[in-house]
Amino acid sequence: MRKYNNSSVVEKIAVERSGKRIQYHPTEKTKVVEVENFPALGKLTAIRFIEWLLLNPGGVISLPTGKTPEYFIKWVTYFLQNWNKKDIKKELSEWGLIVKDKPEISSFAFVQIDEFYPMNPEHKNSFADYIKKFYFKGFGLDPKKALLMDTWKIGAPFGKNLGWIFPENKVDLSLQYRKSSNEREELQCKALCDIAQFAMEYEEKIEQLGGIGFFLGGIGPDGHIGFNIKGSDHFSTTRLAHINYETAAVAATDLGGIETARNKAVITIGLDTITKNDSTTAIIIAAGESKAKVIRNAIEERPLILYPATVLQKLPAARFYLTKGAAKQLIERKYEHLKLMPKIPYNSISRTLVNIAYTNRKRLTELTNKELEKDRIGNLLLNKKINLKKLSQKLSEDLKYGIEKGAEDLDGLIFLHTAPHHDDIMLGYLPSVLHLVRKPKNSHYFATMTSGFTSVSNSYLLAQLKNLEEFIKKDLFPNEINKKQYFSIKNVNARNRDIYSYLDGIANDSTHMQKEAEARRMMRNIVELIGNYDKRAVEQKIQDVQNYLSSAYPGKKDIPVVQKLKGMIREWEEELLWAHLGFNCSYIFHLRLGFYSGDLFTPKPKWSTDIEPTLSLLRKINPDILTVALDPEGTGPDTHYKVLQIISEAVKVFLEENPDKKLKIWGYRNIWYRFHPSEADIFVPVSMNSLAIMKKAFNICFGSQKTASFPSYEYDGPFCDLAQKIMAEQYSVIKTCLGRDFFYMNNLPMLRATRGFVFLRCMDAEEFLREALSTKELTEGKVRNPS
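Residues numbered from 1 in each chain as written. Predicted model: local features only at pLDDT ≥ 70, side-chain atom pairs only at ≥ 80, totals over all residues. Heavy atoms only, no water.

K.L.:
Can you explain the environment of S106? Please cite residues and give values.
P.N.:
If you trace the backbone, S106 turns up in the loop between α4 (86-94) and β3 (109-111). Of the residues examined, S106 reaches a relative accessible area of 29% and is grouped as partly exposed. For the pair S106 and P57, spaced 49 residues apart in sequence, the C-alpha separation works out to 9.7 Å. Those residues within four positions of S106 in sequence are excluded, and the remaining contacts are G140, D142 and K145. (Helix = DSSP H or I, 4+ residues; strand = E, 2+ residues; numbered from the N terminus. Buried < 20%, exposed > 50% of the residue type's maximum accessible area, 1.4 Å probe, protein only. Contact = heavy atoms within 4.5 Å.)

Laid out in structure tokens, this is it:
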């Protein structure tokens, strides 16, 4: 094995700048470098990578795919392309690099980490295409010195490919050890045998190169690195394997749905492949609070197959590069941070006390020093001489006041409910909306900021088109409909009639009425695309889209017309939802903001296509209460973050125009992340009736989402079920903290009926803008980033 130089001046400087130690004993078993934000994470990783290249010419590197390396790729490309500029040389020199000579990129060997099986390398969602675009073309690595994974040709007969061998990409690995039952299975068995042989030889080639010298990877929701999922042997080598649900759910968007992702096998280098050379520099990068738990397990647990990244503990030069959010649950870092504070903030105390109460299944007011002593942070609170009795009582009262606010009957207010996607409000706080709409003097408006087309599968759109085609061919639309007039783009009343017809079909349990309403709306969508009602033009457009869908591979970025049609399906679904409560299209706004493009790395929002339309809506509605999806840095879909920033910029201008406006903002979260009770101040009681409405309405309205083609990695099923689970869990926490008798013996029927909670955070405009700016700095940084 080649001995690599894994020393690093860059890391030493980064650790000094962070103000944190590189390792906090005894809990941290792998060293950590902490940075402020996502771009800083990419920049540090890029500079450390360049440092390694300078120290190890001709070495072997293995780099990741996906969204996490976005800023790593941008910074490496920027530095290499501008190497001879004075400011670049100066900046790199300040990091301790000797920048006289640029690294000879073409001298390095590249090892592909993983790939789906089967996968056409020409498809834009293949890892092979990603490597070609960013690492060969972008960095300048030599393809001739690369070990790449062929998961399209190996094992296929001449003139065929693995897509033909495995129809619908369904791979049955049991054929590796059972007898084939037909000719197709014999072909598949041979292909599996051939790829296994390839994997063995791939491993051997890596060893002949001297082992991997520099490995960079992300970490999955189950802790996987490469495709070494939870449960992988720490001595595993390159192999073909199936993935688990969590990994398939994350891959669903790229592969066109969980249906495709579940069937796929993968080929991946093994954990032993990564760690075989003891001089390897192995870096795992992670950003955002959503990664905090899996990062804690990877760093603080002993080597266990449940936590694949614990294998890195055997490498002296293994590191985790983390944003503050990703490092949030590393206990000793948290302890040291709080210990240095003259006074621990109340929200940190309340978070700790709630956690201890829930862990010990005790009411807050029943907590004693004994329970706090067993908890690392709780023990620190005792050392800080907190008044446990007083604080526990205050926290209990705060929770009760939050429930009181959640049950409050607000009246005479204008609400503008905003959502990144069409079901975000429903999944986040529908029970609160159900409570608020009971007061007739409240006005409610609903705005979805994006078209949400990535959440609609090709098969669902195809089914909707076939339904419309059936109605046209058999002339099943009612005779009294004047089609040119009814399907006119300007006919808002007819648009509302589509909705009412569908809901009448639900009420009458009539499948025909429902299908007719869906056909009407799809016809309306097609007419909008072509400009006016023309039967032949409609039929031709249907045929064109069907032809496209039939030939498009799963996960392909759709052409604009298909993106628009899919977005229109999502808009229809939302209109059905709010019609349940009597709100027609006049109360619903589909902004279709321009940043939402379906690209891997989404563009930054622009004034003209994103912020200005949002500002115009604020001017039009002039709300008293504005609701906003408020996810922390690096959590959930990137769309949520960008929408937050767009709204904050629009609010800033709106308030400059209306300085006396007392705008309140309600932040909500849903299935992607959730508030801790210490972060929220409105707790909305949720009854069994509200849960039933949410589930029923979701299944009635969101037809494209019922099969959960693009699910959360947390739950294998539709989003409404996960939302219910979260609300019930939040009730469990509050019930434990206050005691069951607070609910069971309460004088209010609403609280006796409570079986869930929605958590909201109420802010004035100034606090909201501070929160949005903080999230922006954590996500984008304070300094310029490479374009």
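K.L.:
Tell me what's going on with the pattern of salt bridges, and back it up with residues and numbers.
P.N.:
The tally for this structure, following the rule as stated, stands at 51 salt bridges. Note that D172 is salt-bridged to R178, the shortest N-O span being 2.8 Å. Residue classification places D172 among the partly exposed residues on the basis of a relative accessible area of 31%. The closest approach of N and O atoms between K276 and D272, which form a salt bridge, is 3.8 Å. Classification of K276 as partly exposed rests on a relative accessible area of 31%. Through salt bridges with shared partners, a single network forms among R495, D498, R521, R524 and E575. (Salt bridge = Lys/Arg side-chain N within 4 Å of Asp/Glu carboxyl O.)

K.L.:
Kindly report on empty space enclosed by the protein, identifying the contributing residues and their values.
P.N.:
For the structure shown, the criterion picks out five cavities of 30 Å³ or more. Space inside the largest cavity adds up to approximately 100 Å³. Together, 14 residues line the largest cavity, and G428, R669, N670, I726 and Q730 are the ones closest to its centre. Mapped by element, the contributors of at least two residues to the lining of the largest cavity are α17 (424-436), α27 (719-738) and β17 (754-764). Partitioning the lining of the largest cavity into residue classes produces nine nonpolar, three polar and two charged. When its volume is computed, the second largest cavity comes out at roughly 80 Å³. (1 Å grid on protein atoms, 1.4 Å probe; cavity = no way out; pocket = protein on both sides within 12 Å on 5 of 7 lines; lining within 4 Å. Points joined across faces, edges and corners; volume = space filled by probe spheres on them. Nonpolar A, V, L, I, M, F, W, Y, C, P; charged D, E, K, R; others polar.)

K.L.:
An account of the sheet that holds β17 is needed here, citing residue identities and associated values.
P.N.:
The seven strands are arranged β13-β12-β11-β14-β15-β17-β16 in an open sheet whose pairing can be described as mixed. Each having just a single partner strand, β13 (588-590) and β16 (682-687) make up the two edges of the open sheet. Averaged over all pairs of adjacent strands, the angle between their axes in this sheet comes to 25 degrees, without regard to strand direction. Inspection of the sheet shows strand β11 (residues 414-419) paired to strand β14 (residues 625-629) by three bridges, in the parallel sense. For H417, the partnering residue across the bridge sits in β14 and is T627. Contacts from helix α26 (residues 688-701) reach β16 and β17, with the element oriented near 80 degrees to β16. (Pairing = 2+ DSSP bridges. Axes fitted to C-alpha atoms, helices over the stretch in contact; angles between N-to-C directions.)

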